[in-house]
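# A structural walkthrough
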Amino acid sequence: MDENYITEDSDILVYYKRGKTWLIKPNAKQLHTHVGYVDLTSVINKRYGDCVVTNKNETLWLLKPNLEDYVAKSRRKTQIVYPKDTGLILLKLNIFPGAQVIEVGVGSGGLTTYLSNLVRPTGHVHCYDINPEFSNNTKKNLERVNLLEFITIKDINTTGIDVKNADCAIVDIGDPWSVVESVWEGLKGGGNIAFVCPTINQVEKLVIKLANSGFTNIETVEVLSRIIEAREGKSRPAMRMVGHTAYLIFARKIFPLTK
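Okay, so let's go over this structure. (Residues numbered from 1 in each chain as written. Predicted model: local features only at pLDDT ≥ 70, side-chain atom pairs only at ≥ 80, totals over all residues. Heavy atoms only, no water.)

### Here we look at the pairing of strand E2 (residues 20-24)
The line we're drawing: Buried means the residue's accessible area, taken with a 1.4 Å probe over protein chains only, is under 20% of the maximum for its type, while exposed means over 50%, and partly exposed covers the values in between. Secondary structure is summarised from DSSP: a helix means a run of H or I of at least four residues, a strand means a run of E of at least two, and numbering begins at the N terminus for each. Two strands qualify as a pair provided that DSSP identifies no fewer than 2 bridges between them.
In terms of burial, E2 is a largely internal element, four of the five residues being buried. As judged from the five bridges shared by strand E1 (residues 12-16) and E2, these two strands associate in the antiparallel manner. Pairing of Tyr15 across the sheet is with Thr21, part of E2. A loop of three residues connects E1 with E2, the two strands running antiparallel in sequence, and Arg18 in this loop sits at a positive phi of about 65°.

And the structure:
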């Protein structure tokens, strides 16, 4: 059947007003929400973009999920990197099809999902973590979006960072300075690196370590995001916004001066 039409095995993002969504499959039989329920067998053979009406006469729209939707609805063992931070990280790392990427600290695999999607079909994300529970959860999340073949996950305590000549690296762990030298060894000259740090204390210690360990072009950024409620005659910024989530630190690998 045409991929624009919904089958029993299709993933559907069910959308209600003001951004309330559910990610489901029709084989779940029924969707129960705060605005009523829907018999999901009725959505089979509908188009993405069609709507259904609940028993309470509320309209729900049937949308095709994109990668952001899968990440937002993924199983989480840890907090994921926020979309507002993810965009800048991907830009600064200069991710491209075929890139070899080092990722230290996979968490719940949100960023891993975006990285693997961008490096395919010939690139790879080399992931390192110390928690088997996190690693297994990440694999399940990547398998759901058919991206598992583009990553490997290793126990950093067992293997260390054993990749060489990688194009870029991302580090999201509590003590990022502890892997700076190992990641330097794994990167190619001029390779980009990004770090995600929740606190300014981590930033201070990390930046000093980077400056003394063969990195330059070091910068620290905080990304803030605010929704604008655009409505005829009464548009204004939303009363709430996503403020501080993390500090992002970027740098590039250099070689020591030779005499």
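Picking up where we left off.
### Topic: empty space enclosed by the protein
Taking a probe equal in size to a water molecule and rolling it over the atoms shows the remaining empty space. Keep this limit in mind: With a 1 Å grid laid over protein atoms only, a set of points is called a cavity when a 1.4 Å probe fits there but cannot get out and a pocket when it is open yet has protein on both sides within 12 Å along at least five of seven lines; lining residues have an atom within 4 Å of a point. Grid points are joined across faces, edges and corners, and a volume is the space filled by probe spheres set on the points. Residues are grouped as follows: Ala, Val, Leu, Ile, Met, Phe, Trp, Tyr, Cys and Pro are nonpolar; Asp, Glu, Lys and Arg are charged; all remaining types, including Gly, are polar.
On inspection of all chains with the given rule, the structure shows one cavity of 30 Å³ or more. If you add up the space inside the largest cavity, you get close to 90 Å³. If you go around the largest cavity, the residues you meet are Tyr70, Val71, Ser74, Ser108, Gly109, Gly110, Thr113, Asn141, Arg144 and Val145. Among the secondary structure elements, those contributing two or more residues to the lining of the largest cavity are helix H1 (67-72), helix H3 (110-119) and helix H4 (132-144). Here the residues of the lining of the largest cavity are counted per class, giving three nonpolar, six polar and one charged.

### Focus on the sheet that holds strand E9 (residues 151-155)
Either a parallel or an antiparallel arrangement is found when strands of a sheet pair, and the pairing is made through backbone hydrogen bonds. Heads up, the condition is: Helix axes are fitted only over the stretch in contact, all axes being lines through C-alpha atoms; the angle between N-to-C directions runs from 0 to 180 degrees.
Strand order in the open sheet formed by seven strands is E9-E8-E7-E10-E11-E15-E12, with mixed pairing between adjacent strands. Sheet topology places E9 and strand E12 (215-221) at the edges, where each strand pairs with a single neighbour. On average, adjacent strands in this sheet sit at an angle of 15° to one another, irrespective of strand direction. Relative to strand E15 (residues 247-253), E12 runs antiparallel, the two sharing five bridges. Note that in E15 the partner of Thr220 across the bridge is Ile249.

### So, the pattern of salt bridges
Definition in use: What counts as a salt bridge is simple: a side-chain nitrogen of Lys or Arg found within 4 Å of a carboxyl oxygen of Asp or Glu.
Tallied over the entire structure, the rule returns nine salt bridges. For Arg47, the salt bridge identified is with Asp50, shortest N-O distance 2.9 Å. The exposure class assigned to Arg47 is partly exposed, which follows from its relative accessible area of 44%. If you follow the salt bridges from partner to partner, you end up with Glu229, Arg231 and Arg236 in one network.

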